[in-house]
Amino acid sequence: MTRRLVLGALAAAVRNLQGQTATEAAANEDFWFAARMAFTVDRNLLNFNNGSVCPAPKVVQEAMERYWTVTNLSPSHYVDELLLPETEVIREELAREFGCSPEELALTRNTSEGLHAVILGLDLKPGDEVVTTTQDYPSMFSSLDQRAEREGIVVKKFAYPTPPKDPQQLFDLFFANVGPKTRAILVSHMTFTTGQIFPVGAICREARRRGIYSIVDGAHSFAHLVFRRDDIDCDFYSTSLHKWLTAPVGTGFLYMRRELIPRVWPLLGVPAAMKANIRKFESIGTAPVAMRNAVADALAFHRGLGALRKQERLRYLRRRWEGALRGVDRVKLLNADSPEQSCGIGALGVDGIRAEQLTATLLNKFKIHVRTRVMPGEFECIRVTPNIYASLEDVDRFSRAITTIARG
Ligand SMILES: Cc1ncc(COP(=O)(O)O)c(C=O)c1O
């Protein structure tokens, strides 16, 4: 009953938007109130770390529970005969959303699984170079470093100003670091540190022109930014659906340009007949499927809200807290404000306070959860990622907390 009321309110709220632009809808509190009520979050603790994992709305939680109940009716029968074949629909729908063929999309458990598969599965010779930035995700460096140690590939990381001057500066820095031995570049669509948006389309197109593979870390961009595969034009893209799509934890996808599939070795060996089949990256043995089947419900929720409206709301929330804190003594905002460089993720530091300390104070004194990001030798900050279930009061509570801390 409660669920029906919440969904009914949400449907009515969508209807009430009546021709509003996404920017107008971003500021429509009635609409976002209905969306907020679809989540079962602890409202006594402000979760401003959705960048790590997002909670799923109640409808998605319930879908996953139903699939788990079905699984337990008779796991081998119901999973093999019913639930697994259904995941082909999920592949198709995610491919439609991303703008690729379903035959180019593997269902994974997260961004890491997809990226490690590509990083470890590409044929690279000793001396071949992979270029990336110091603000790419550290666990990807582990696979790259393992290849460097084991096979002698060279990993080149470059630092860039935070925030950068403009997207062109990021593009130029990438290609200033690319050389004749560069075989691949690894670039975050949005970084895990400050949420910096990279001009991935321009970077991937230039990489292809030079015969270099482009690997895009899309952990934060899918269902956060509105874009299609053709806009970013990459060779490989991996994302986590438990981030901005608000799907169950342990869901993701890996996109691979079709002609490249036979060239990438899967982490777990498969029969030769699967060499050109994207499903070779899904061959991980027996694994739970309940969360994967519930991706359909997360997608339905996302589409119902409207991808563009959601993007603009996330941007609106960031701009609200940043606007309140801009100019506050000692507060340093670390991300650029322009739409091509930032969306819902922001980052800040307070002069004289270590980021770790700031995170602890926010939690212990103000019951606000954020994530610390430390880039040794570059900067440290707290990353701030409210989601659409945050109210304006929540966001203002955060700004007041930072102001109080900064004023000592
Ligand atoms: C940029 C980036 N890449 C990759 C990951 C890894 O995501 P997952 O743990 O879901 O695989 C994260 C996680 O926060 C991230 O921020």
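What counts, and where the lines are drawn
- Residues numbered from 1 in each chain as written.
- Predicted model: local features only at pLDDT ≥ 70, side-chain atom pairs only at ≥ 80, totals over all residues.
- Heavy atoms only, no water.
- Helix = DSSP H or I, 4+ residues; strand = E, 2+ residues; numbered from the N terminus.
- Contact = heavy atoms within 4.5 Å.
- Phe/Tyr/Trp six-rings, centres within 6.5 Å; stacked < 30°, edge-to-face > 60°.
- Lys NZ or Arg CZ within 6 Å of the ring centre and 35° of its normal.
- Core = buried A, V, L, I, M, F, W, Y, C linked by side-chain atoms within 4.5 Å.
- Buried < 20%, exposed > 50% of the residue type's maximum accessible area, 1.4 Å probe, protein only.
- 1 Å grid on protein atoms, 1.4 Å probe; cavity = no way out; pocket = protein on both sides within 12 Å on 5 of 7 lines; lining within 4 Å.
- Points joined across faces, edges and corners; volume = space filled by probe spheres on them.
- Nonpolar A, V, L, I, M, F, W, Y, C, P; charged D, E, K, R; others polar.
- Near = heavy atom within 4 Å.
- Polar contact = N/O pair within 3.5 Å; in protein donor to acceptor, adjacent residues only side chain to side chain.
- Areas by Shrake-Rupley, 256 points an atom, 1.4 Å probe, with all protein chains shown as cover.

**Observations concerning the environment of Phe 227**
By secondary structure assignment, the location of Phe 227 is in the loop between β6 (213-217) and α10 (229-232). In contact with Phe 227, other than residues within four places in its own chain, are Glu 97, Phe 98, His 189, Ser 221, Phe 222, Ile 232 and Tyr 237.

**Some words on the packing of aromatic side chains**
In total, this model carries 18 aromatic pairs according to the counting rule given. A connected cluster of aromatic rings, assembled from ring pairs, spans Phe 98, Phe 222, Phe 227, Tyr 237, Phe 253 and Tyr 255. For the cation-ring pair, Lys 157 lies above Phe 141, with the distance from its terminal atom to the ring centre recorded as 4.1 Å. Lying over the aromatic face of Trp 265, Lys 275 brings its terminal NZ or CZ to 4.1 Å of the ring centre.

**Let's talk about the nonpolar core**
With 65 residues, the main nonpolar core has Leu 94, Phe 98, Phe 174, Phe 222, Tyr 237, Leu 245 and Phe 253 as its most contacted residues. With five residues, the top contributor of residues to this core is helix α12 (residues 295-305). If we ignore the near neighbours within four places in the chain, the residues touching Phe 222 are Leu 94, Glu 97, Phe 98, Phe 227, Tyr 237, Thr 239, Leu 241, Trp 244, Leu 245 and Phe 253.

**Notes on the layout of surface pockets**
Each pocket or cavity is described by its volume, and for the largest pocket that value is around 590 Å³. Along the wall of the largest pocket there are 31 residues; nearest its centre are Leu 84, Gly 285, Ala 287, Val 289 and Arg 292. Taken together, the elements giving at least two residues each to the lining of the largest pocket come down to α4 (58-71), α5 (75-98), β2 (105-108) and α11 (290-293). Ranked by the residues each element gives to the lining of the largest pocket, the list is headed by α5, at eight residues. Of the residues contributing to the lining of the largest pocket, the split by class is 13 nonpolar, 10 polar and eight charged.

**Overview of the site of the ligand**
Every residue near the ligand is listed here: Gly 51, Asn 110, Thr 111, Ser 112, Tyr 137, Phe 192, Asp 217, Ala 219, His 220, Ser 240, His 242 and Lys 243. One of the backbone N or O atoms of Thr 111 is found 3.4 Å from an oxygen atom in the ligand. Within the contact set of the ligand, an oxygen atom lies 2.6 Å away from a side-chain nitrogen or oxygen of Ser 240. Its free accessible area being 390 Å², the ligand has 90% of it covered by the protein chains. Split into classes, the residues belonging to the shell around the ligand amount to three nonpolar, seven polar and two charged.

Everything listed here is a matter of coordinates, which is why it stays silent on function.
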